[in-house]
Every structure is written in C-alpha cells, then in structure tokens.
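# Topology and contacts: notes
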Amino acid sequence: MSEAPVVRLQNVTKVIGKRTIIDRVSFEVHPGEVYGFLGPNGSGKTTTIRMIVGLMGMTAGDIHIAGHSVRTAFPKAILNVGAIVENPEMYKFLTGYQNLLHYARMNPTISKQRIEEVVELVGLKGRIHDKVKKYSLGMRQRLGVAQAVMHRPKLLVLDEPTNGLDPAGIRELRDYLRRLAQDEGTAVLVSSHLLSEMELMCDRVAILQNGQIIDVRSLHGQSGGIAAAEEVLFDVDRPEAAIAILQGAGSAKIVDGLLAVAADRHAIASINRRLVEAGIQVYGIRVKVKSLEDQFLEVTGSETNG
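Here the structure is a predicted model, which means the values were calculated and not measured.

### Notes on the environment of Asp-235
Position of Asp-235 relative to the elements: it lies in strand S11 (residues 230–236). On the basis of relative accessibility, which here comes to 33%, the residue Asp-235 falls in the partly exposed class. The spatial distance from the C-alpha of Asp-235 to the C-alpha of Tyr-283 is 5.3 Å, given a sequence separation of 48 residues. With near-sequence residues (within four places) excluded, Asp-235 lies in contact with Leu-258, Gln-281, Val-282, Tyr-283 and Gly-284.

### Focus on the confidence of the model for the protein
Here the protein shows a mean pLDDT of 83. Residues at 70 or above account for 88%. Confidence, expressed as mean pLDDT per element, reaches its minimum in the protein at helix H10 (residues 292–300) with 56 and its maximum at strand S4 (residues 60–65) with 95. Across residues 221–229, where pLDDT falls below 50, the model places 14 contacts with residues more than four positions away in sequence or in other chains.

### Some thoughts on the layout of surface pockets
When its volume is computed, the largest pocket comes out at roughly 650 Å³. When residues of the lining of the largest pocket are traced back to their parent elements, those giving at least two are strand S6 (81–85), helix H3 (96–104) and helix H5 (137–149). A total of five residues in the lining of the largest pocket trace back to one element, the largest contributor, which is S6. Looking at the lining of the largest pocket residue by residue, the classes come out as 16 nonpolar, six polar and one charged.

### A word on unusual backbone geometry
Among all residues save glycine, negative phi is the norm, and among peptide bonds the norm is trans. The phi torsion at Arg-152 lies on the positive side, around 55 degrees, for a residue other than glycine. Here Arg-152 shows up in the loop between H5 and strand S7 (155–159). A positive phi is found at Glu-160, a non-glycine position, where the angle reads about 50 degrees. Looking at the secondary structure, you find Glu-160 in the loop between S7 and helix H6 (167–184).

### Observations concerning the pattern of salt bridges
The final tally for this structure, using the stated rule, is twelve salt bridges. Glu-117 is the partner of Arg-152 in a salt bridge, and the nearest nitrogen-oxygen pair spans 3.1 Å. Taken together, the residues Arg-152 in the loop between H5 and S7 and Glu-117 in helix H4 (residues 112–121) connect sequence positions 35 residues apart. Each of Arg-114, Glu-117, Arg-152 and Glu-184 takes part in a single network of salt bridges with overlapping partners.

### Examining the sheet that holds strand S3 (residues 34–38)
Here six strands make up an open sheet; going across it, the order is S6-S7-S8-S3-S9-S10 and the pairing mixed. The open sheet has two free edges, formed respectively by S6 and strand S10 (212–218), since each of these has just one partner strand. Averaged over neighbouring strand pairs, the angle between their axes works out to 15 degrees when direction is ignored. Where strand S9 (residues 204–209) and S10 come together, six bridges link them in antiparallel fashion.

### A few points about the sheet that holds strand S5 (residues 68–69)
Spatial ordering of the open sheet is given by S2-S1-S4-S5, a layout of four strands whose pairing is antiparallel. In the strand order of this sheet, the two ends are held by strand S2 (19–29) and S5, each with one partner. Examined bridge by bridge, strand S1 (residues 7–16) and S4 share five bridges and lie antiparallel to one another. Looking at S4, one finds that Arg-8 is bridged to His-64. Most of the contacts of helix H1 (residues 45–52) go to S2, to which it runs at about 65 degrees, and overall it touches S1, S2 and S4.

### A short note on H6
With 18 residues, H6 should reach 26 Å at 1.5 Å per residue; the first-to-last C-alpha distance of 25 Å fits that figure. Of all the positions in H6, only Gly-169, Ile-170, Leu-173, Arg-174, Tyr-176, Leu-177, Arg-178, Leu-180 and Ala-181 are classed as buried. After H6 finishes, the residue Gly-185 shows a positive phi value of roughly 70 degrees.

### Details of the packing of H3 against H5
Closest axis-to-axis distance for the H3/H5 pair is 10 Å, and the angle between their directions is 25 degrees. The angle between the axes of H3 and H5 places the two elements in the roughly parallel class. Where H3 crosses over H5, the handedness of that crossing is right-handed. The segment H3 lies against H5, with Gly-96, Leu-100 and Tyr-103 engaging Leu-143, Ala-146 and Gln-147.

### Overview of the nonpolar core
Counting residues in each nonpolar core, the largest one holds 43 residues, and the members touching the most others are Leu-100, Ile-115 and Leu-156. Ranked by the residues each element gives to this core, the list is headed by H5, at six residues. Setting aside residues up to four positions removed in sequence, Ile-115 forms contacts with Tyr-97, Leu-100, Leu-101, Ala-104, Ile-110 and Met-150. Core analysis: the second largest hydrophobic core is formed by 27 residues, Ile-21, Ala-77, Leu-155 and Leu-189 among them.

### Observations concerning H4
Those residues of H4 not exposed but buried are Arg-114, Ile-115, Val-118, Val-119 and Leu-121. Buried residues in H4, looked at end-on, bunch into an arc of 160 degrees, giving them a common side. Exposed positions of H4 whose direction lies more than 90 degrees from the buried face are Lys-112 and Gln-113. Tucked into the core, H4 has its buried residues touching H3, H5 and H6. Positive phi appears at Gly-123, one or two residues downstream of H4, with a value of about 75 degrees.

So, how was this worked out
- Residues numbered from 1 in each chain as written.
- Predicted model: local features only at pLDDT ≥ 70, side-chain atom pairs only at ≥ 80, totals over all residues.
- Heavy atoms only, no water.
- Helix = DSSP H or I, 4+ residues; strand = E, 2+ residues; numbered from the N terminus.
- Buried < 20%, exposed > 50% of the residue type's maximum accessible area, 1.4 Å probe, protein only.
- Contact = heavy atoms within 4.5 Å.
- pLDDT = per-residue confidence, 0-100.
- 1 Å grid on protein atoms, 1.4 Å probe; cavity = no way out; pocket = protein on both sides within 12 Å on 5 of 7 lines; lining within 4 Å.
- Points joined across faces, edges and corners; volume = space filled by probe spheres on them.
- Nonpolar A, V, L, I, M, F, W, Y, C, P; charged D, E, K, R; others polar.
- Salt bridge = Lys/Arg side-chain N within 4 Å of Asp/Glu carboxyl O.
- Pairing = 2+ DSSP bridges.
- Axes fitted to C-alpha atoms, helices over the stretch in contact; angles between N-to-C directions.
- Expected span 1.5 Å × (residues − 1).
- Parallel < 35°, antiparallel > 145°, perpendicular 65-115°, else oblique.
- Left-handed = near helix turned anticlockwise from the far one by under 90°.
- Core = buried A, V, L, I, M, F, W, Y, C linked by side-chain atoms within 4.5 Å.
- Arc of directions from axis to C-beta.

Here it is as structure tokens:
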C-alpha cells in the first residue's frame, strides 16, 4: 500500500507482574482499510486496544497514530482516534440526537451539519429523535459509531462490536463500517473472535495467540490470485479418464464426482486445455478456497485430534 499507515504498532509489549500479556506485537493499518484483530478470548486483543487508545500503558515498544507517538505525544495522537471499547455508553433519557449534540459540544470543530452527516451514514435518520432507552442494542451500537466518528477521526477502533447483536444488526454494522472506510477513508481496527464476521468485514486480519501475532492474512482477493498448490475442482464428464490424461501433472483425485487437482493459477488453463484436447467435456472450474476458519485452525493448531 502506497499511503502511510494511520496506526503503526512497533514491538509493543505489556508485562503484568511476571506474566507477558502482549509480546512484541507489530502491525499497521492504512487509510480506508478494515483491519481485523482476531483471536480467542484471553489472547490479548482488548489489552492491545486499551494501549492504542491510552487506557493502559506499554511496557515496551511504541504506537504511532497519524505520525504521533502515543508515548510522547498522546494528546496529538488521540485527536485522530474514535473508539468504542466494550459497549457504547449513552444517556438513555436523552434522544439519539441530544446525545450526539452533547458530545459535539466537547469539540468545537463539529458542526450540526456534521451531526446530520453521521446520522445519515449509520442509518438512524428515522429514529434519531427517539429516546435512546427505546433503541435496540444494534441501534445503540450504530449511535456509538456515529458519536465515535463525528470529529472525522483517521482511526476508528472497535472492540468486539458485534457482541449481543442479532444477525440483522451484525450485517448492518458490517455495512456501515465498510461505508466508513470507503466513503471517508477511515482506517478501521476491529477486534473479534467471530471468524465468519471477520471474513465478511475485513480486508486483512491479524491472528493473535497468547499475546503474539502468529499470522496476517489478506481477504477479499487482495493477495492478487490463487495461491500455489491450491485445490482446483473440474466438473468433467469422465473423471476417471481425466485422471489418466493428467498423470504426471500433479496430484489428481476424484472428490464428490469432481476432478480435484492441486494447481496454481497458471496451471489451470494448461490443465483445461489438455482435457479438452483429449475429448473430455469440461462443464465448470472452481477453486476450493479455504475459509478463514480453516486458516485460523491451521495456524493456531486448534484442531482437535479425536
């Protein structure tokens, strides 16, 4: 990515007593990117987020937000951050609009026009003048996001934002975060242990285990193609004959009536041509892509062995 990262963690470490909670964590998030922080409960996600937003000090390392060190220039760094750590807290006896107006008074750069913009952005225009006590949990989450982005932060940090939401609420929140990233260029850092939601929401995910980042994966095809030795499924009329034709071209087998071949991006066209030239009818070709859950279990070693 050509643009400078909005947030960069460099060898961030947190030690409490004799226990290392976070061990030399480094990553960066760029403008317009939704970056997932993925790990099981107790892996250190919330501790890392608390250090980013200044709720907890670092033992070692540093965090830079929009070029400002959290260690040495915290007031300048935090001006660029909007965050919801755990659940958003609102005044329930006030309306949604009154809550936003109250928070806007703390920052003279926020205009009433900006309030209207964020209300539209999170889809609360029809309910913004209702009292918050009448809001569903999903609506309160959306109001929290509106409050967090009113000052146009370069970085939005959300810790387990889908907790307690129903499927419709999760989908709505996911759509708003994607819109924020695309329309306003906001860098979004979101932590979760829900693999399926992270797969749909994020551009990249960092997998955290026992306080260490053990892998970073690109999602949504950002890697630019099919990885080496990916399994490719060919729907053909004579699978057994196809295997004989492809002898020597790599491992080929029949899976649920389909011809399965370990092949990279460049080999697919060659395999297809060989099959067609040999008189095999090819009805379809698809890549069997590993889900984020499969990848997570693979790198964390969390698979059970019976």
